[in-house]
Amino acid sequence: MNTKKFLFYLLAALLGGCVPVMSLHPLYTKEDVVFEKKLLGTWMQDDNETIWEFKCPNEPGKTYKFTFSDKEGQKGSFDAHLTKLQDKLFLDVYPGEPPWDEKDPNRLVWPYNTLFLIPAHTFIKIDSIEPQLKMRLTDDDEMEKLLKEDPNAVKHESVKDGFILTASTKELQAFVLKYADDSRLFTNETVLSRKKAKAPNEPNNIEPNTAPKGQ
């Protein structure tokens, strides 16, 4: 499937060109949202080419400001809610500020076209936060396999080049918990290390993995 080129599909960069599964409704309710201070800060992949930054402007609020930067310097700004369902943690990621500003590196040439685009949610499963941030993202190609095998697994509608989930929050939660360990929903693990503070004239670096072998 070709990568969709919609404004609010900027999160595709997180999957190296693949498109995450999108939902019209959030995964969380107010009661499900939690705040974990350990998530705050800057995280990097081992190649130092992608940067994930989590900030909380109104601590101890429960909405993280999440900024993603790829190796080419393009960025995405999102609101992220850490959601606890039973004993599992997920991030619900939603577009924060669309690229209207002249100085925004992702500014669209045709801004009026964005009036017809609908922002959507996507979900990330959190396996652990420390000593490394380990996550599993979604991929709509993999999810499509699940839907072909079981079209009634979750409510969805076909759109150009793919689909979008239309299930209610309650239905989404039941679906995500049922398939939390299914690679057709949450793909291979992405591992990030916390970026350490650098000394003057020292290049950017990340903290080494000090976890015991096998963790």
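Going by the structure above, here's the rest.
These lines cover the structure that appears in this document, whether it is placed above or below. Since the structure is predicted, the reported quantities are computational estimates derived from the model, not experimental observations.

With that settled, the discussion passes to the overall build of the protein chain. The secondary structure content of the protein chain amounts to two helices and 11 strands. Each helix and strand of the protein chain, placed in order from N terminus to C terminus, yields the pattern β-β-β-β-β-β-β-β-α-β-β-α-β. Burial status across the protein chain gives 42% buried among its 215 residues. Of the contacts formed within the protein chain by residues at least 6 apart in sequence, a portion of 60% connects residues at least 24 apart. For the protein chain, the accessible area works out to roughly 12300 Å², and carbon and sulfur atoms hold 49% of it.

The next thing to look at is the environment of Gly 96. As for its placement among the helices and strands, Gly 96 is situated in the loop between strand 6 (88-95) and strand 7 (122-128). C-alpha separation for the pair Gly 96 and Ser 77, spaced 19 residues apart in sequence, amounts to 5.3 Å. Setting aside residues up to four positions removed in sequence, Gly 96 forms contacts with Ser 77, Phe 78 and Asp 79.

Counting residues in each nonpolar core, the largest one holds 21 residues, and the members touching the most others are Trp 52, Phe 54, Phe 66, Leu 91, Ile 124, Ile 126 and Leu 133. Ranked by size, the runner-up nonpolar core spans 20 residues in total, among them Val 21, Phe 90, Ala 153 and Tyr 179.

All right, on to the pairing of strand 4 (residues 63-69) then. Bridge analysis of strand 3 (residues 51-55) against strand 4 gives five bridges, and the strand direction is antiparallel. Within strand 4, the position partnered with Ile 51 by the bridge is Ser 69. Bridging between strand 4 and strand 5 (residues 75-85) involves seven bridges; their strand directions are antiparallel. For Phe 68, the partnering residue across the bridge sits in strand 5 and is Gly 76. The antiparallel pairing of strand 4 with strand 5 creates a hairpin that spans five residues between the two strands, and Gly 73 there sits at a positive phi of about 85°.

All right, on to the pattern of salt bridges then. Applying the stated criterion across every chain yields a total of 10 salt bridges. Measuring nitrogen to oxygen at the nearest pair gives 2.5 Å for the salt bridge that ties Glu 149 to Arg 184. Taken together, the positions of Glu 149 in helix 1 (residues 140-149) and Arg 184 in the loop between helix 2 (169-178) and strand 11 (189-194) put the pair 35 residues apart, joining distant regions of the chain. Since its relative accessible area comes to 59%, Glu 149 is described here as exposed. For the salt bridge of Glu 171 with Lys 155, the shortest nitrogen-to-oxygen distance reads 3.2 Å. A residue pair is termed long-range when its members are at least 10 positions apart, and Glu 171 in helix 2 and Lys 155 in the loop between helix 1 and strand 9 (156-159) qualify at 16 residues. The partly exposed category is assigned to Glu 171, whose relative accessible area is 32%. Taking relative accessible area as the criterion, Lys 155 reaches 49% and is therefore assigned partly exposed. Three or more residues joined by partner-sharing salt bridges are found here, namely Asp 127, Arg 136 and Glu 189.

About the criteria used
- Residues numbered from 1 in each chain as written.
- Predicted model: local features only at pLDDT ≥ 70, side-chain atom pairs only at ≥ 80, totals over all residues.
- Heavy atoms only, no water.
- Helix = DSSP H or I, 4+ residues; strand = E, 2+ residues; numbered from the N terminus.
- Buried < 20%, exposed > 50% of the residue type's maximum accessible area, 1.4 Å probe, protein only.
- Contact = heavy atoms within 4.5 Å.
- Areas by Shrake-Rupley, 256 points an atom, 1.4 Å probe, with all protein chains shown as cover.
- Core = buried A, V, L, I, M, F, W, Y, C linked by side-chain atoms within 4.5 Å.
- Pairing = 2+ DSSP bridges.
- Salt bridge = Lys/Arg side-chain N within 4 Å of Asp/Glu carboxyl O.

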